[in-house]
Amino acid sequence: MAKVNKVKMMSNEDKLAKLDEVFSPTAPIEKRDLFYGRLGQLNDLYSALKQRGAHAVLYGDRGVGKTSLANMAMTVFPDVISSKVTCNRTEDFKGLWSEALKKIRFYSDKKGIGFNAEIRQEAVQLDLFLPEKDEIDSADIQHVFENLSNRLLIIFDEFDSITKDETKTRMADTIKALSDNVPNITILIVGIAGDVNNLLGEHPSLERCLVQIQMPRMSDEELAQIIDNGLKRLELEIIQNVKEKIIEYSSGFPNYTHAICKSAALYAINSESNTVSIEHFTYAVKKCIQTTSQSLRNSYQKSIISSKGPSHFEEVLAACALAELDEYNCFTNSGALSHFKGKKKKGKSTMTTTDLRYYLEGLCKEEKGRILEKIGQGSNIRYQFVNPMMRAFIRLKIYDKRIEANKVLPQLGV
């Protein structure tokens with residue numbers, strides 16, 4: 001009789017222990033087997049690495065996974081030595097490069113004294129080759145790399161936090177100098193920006209050597225990969241329309257997908273269920289709202305509070321979040337107004353075009369947290385969320401309020 005191999009199923013304790021590793025809403029992905037999608041962006045970066053004297057800029061909205069991709073770039077490219085620095089506003093040009101070079105070590109054989117002395121390996125950090133002076137420039141960085149034949153990738157993440165124009169200019173000069181004289185070094189600049197000029201400033205001489213890689217929001221297919229592969233690792237299944245809801249309410253942001261999946265899976269495991277259901281999703285939405293960044297929640301609260309009695313700011317924000325977006329992630333006055341159609345009081349619409357314009361203009365001002373930004377002029381005026389993640393947050397709140405209104409909220413004692 002043939003022997004039957006029994007597959008050992010994970011215990012609930014094992015699933016809970018693995019949950020933090022599988023779904024990581026608050027930290028970038030660092031492991032290759034937990035990173036999904038973004039093959040196009042990785043291929044673009046690899047092309048820059050193969051091109052003589054090419055460098056790259058990775059830019060896009062907050063929360064789309066730029067740092068996770070930068071982490072993958074540290075591990076997936078063969079025969080490339082990598083160093084990654086997370087920038088902050090207090091560091092100057094020398095500080096950034098000192099930290100980057102400190103993480104790169106080379107080993108050389110050094111023979112001891114005497115005929116029969118053993119040969120030992122000695123580690124050498126590249127930052128030791130920087131000149132001992134208060135300020136350095138592109139020529140000093142070029143000198144460090146001139147005698148190296150190895151392929152190097154130097155990543156400066158969160159470069160948008162740099163506030164000194166002098167630091168940006170020196171970095172641009174360094175990229176140009178390395179492109180012309182040390183072609184085996186590739187610099188990758190990563191940051192939140194709508195275009196490259198917002199990160200590095202306007203330097204026309206850089207256009208020739210920079211590969212511009214825009215990081216868009218994730219596609220539905222990429223978000224589905226996160227859900228399917230993550231739940232598979234936890235030996236959980238999911239109802240199809242629930243998966244579609246997670247994708248819809250993630251709005252292209254992987255951290256929302258991770259956050260919703262983590263809470264939904266937690267509820268399912270604690271309920272001893274092997275299938276993530278709509279009940280688990282509803283619970284996860286509420287938890288996601290509660291754990292969204294404090295700054296985002298504060299901005300939302302500030303935008304809907306009025307000192308002049310009742311207002312429609314909350315309703316208008318909901319209409320903005322539901323309005324159809326164009327290719328530039330903008331919406332129109334009429335697009336938001338369409339969500340008030342059918343809502344009438346004493347035979348009149350609760351919101352006119354003039355009324356809505358007043359609210360939209362208000363949401364563009366600092367006293368309302370500058371939630372929105374106005375783009376264009378005259379009949380071509382469009383609006384967009386200053387922080388695109390606010391739109392996703394508001395859509396989650398819309399779902400939560402609708403559930404509460406219908407009194408179908410599940411028990412949340414998990």
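As the structure is a prediction and not an experimental result, all values here were calculated from the model.

Caption draft 1: Local environment of the pattern of salt bridges. Evaluation of the coordinates by the stated rule reveals 16 salt bridges. One salt bridge in this structure joins glutamate 166 and arginine 170, with 2.8 Å as the shortest N-O distance. Here the residue glutamate 166 and the residue arginine 170 both occupy positions in helix α6 (residues 165–181), the gap between them amounting to 4 residues, near one helical turn. Here glutamate 166 falls in the partly exposed class, since its relative accessible area comes to 46%. Arginine 382 is the partner of aspartate 326 in a salt bridge, and the nearest nitrogen-oxygen pair spans 3.9 Å. A residue pair is termed long-range when its members are at least 10 positions apart, and aspartate 326 in the loop between α13 (313–322) and α14 (333–337) and arginine 382 in strand β13 (residues 382–385) qualify at 56 residues. What makes arginine 382 partly exposed here is its relative accessible area of 28%.

Caption draft 2: Structural context of the sheet that holds strand β2 (residues 81–86). Taking strand neighbours across the sheet as the criterion, the 5 strands line up as β2-β5-β6-β1-β7 in an open arrangement whose pairing is parallel. Lying at the two open borders of the sheet, with one neighbouring strand each, are β2 and β7 (210–215). Between one strand axis and the next, the sheet turns through 15° on average, direction left out of account. Bridge count between strand β5 (residues 152–157) and strand β6 (residues 185–192): 5 bridges; the pairing is parallel. Along β6, the bridge assignment pairs phenylalanine 156 with isoleucine 189. Across the sheet, helix α3 (residues 66–76) lies against β1 (55–60), β2, β5, β6 and β7, angled at about 155° from β2, the strand it touches most. Along the sheet, helix α4 (residues 93–102) makes contact with β2, β5 and β6, crossing β5 at roughly 135°.

Caption draft 3: Quick look at unusual backbone geometry. Even without glycine at this site, asparagine 329 takes up a positive phi of about 60°. Tracing the backbone shows asparagine 329 in the loop between α13 and α14. Look at arginine 370: it is not a glycine, yet its phi comes out positive at around 45°. Here arginine 370 shows up in the loop between α15 (353–363) and β12 (372–375). A residue is classified by how much of its surface remains accessible, and arginine 370, at 32% relative accessible area, is partly exposed.

Caption draft 4: Highlighting the pairing of β6. In terms of burial, β6 is a largely internal element, 7 of the 8 residues being buried. Summarising the sheet, β1 and β6 pair through 5 bridges and their orientation is parallel. Bridging from a neighbouring strand, glycine 60 pairs with isoleucine 192 of β6.

Caption draft 5: Here's a closer look at the environment of leucine 223. One can find leucine 223 in helix α8 (residues 220–233). Once you skip the residues sitting within four places of it in the chain, leucine 223 turns out to touch Met218, Ile247, Ser250, Gly252, Phe253, Pro254 and Thr257.

Caption draft 6: Quick look at the packing of aromatic side chains. Enumeration over the complete set of coordinates arrives at 13 aromatic pairs. Their ring planes at 65° and their centres at 6.0 Å tell us that tryptophan 97 and phenylalanine 145 sit as a pair that is edge-to-face. Taken together, the residues span a long stretch of sequence, with tryptophan 97 in helix α4 and phenylalanine 145 in helix α5 (residues 138–145) at a distance of 48 residues. Take tryptophan 97 and phenylalanine 145: they sit in the same class, and that class is buried. Between phenylalanine 331 and phenylalanine 385, the aromatic rings sit 6.1 Å apart at their centres with planes inclined by 45°, giving tilted as the arrangement. Highlighted residues: phenylalanine 331 in the loop between α13 and α14 and phenylalanine 385 in strand β13, separated in sequence by 54 residues. The exposure class assigned to phenylalanine 385 is buried, which follows from its relative accessible area of 7%. Among the aromatic residues, those joined into a ring-pair cluster are Trp97, Phe145 and Phe156. Here the guanidinium or amino end of lysine 368 rests over the ring plane of phenylalanine 313, the centre of that ring lying 4.2 Å away.

Thresholds, definitions, all that
- Residues numbered from 1 in each chain as written.
- Predicted model: local features only at pLDDT ≥ 70, side-chain atom pairs only at ≥ 80, totals over all residues.
- Heavy atoms only, no water.
- Salt bridge = Lys/Arg side-chain N within 4 Å of Asp/Glu carboxyl O.
- Helix = DSSP H or I, 4+ residues; strand = E, 2+ residues; numbered from the N terminus.
- Buried < 20%, exposed > 50% of the residue type's maximum accessible area, 1.4 Å probe, protein only.
- Pairing = 2+ DSSP bridges.
- Axes fitted to C-alpha atoms, helices over the stretch in contact; angles between N-to-C directions.
- Contact = heavy atoms within 4.5 Å.
- Phe/Tyr/Trp six-rings, centres within 6.5 Å; stacked < 30°, edge-to-face > 60°.
- Lys NZ or Arg CZ within 6 Å of the ring centre and 35° of its normal.

These results come straight from atomic positions and should not be treated as a statement about function.
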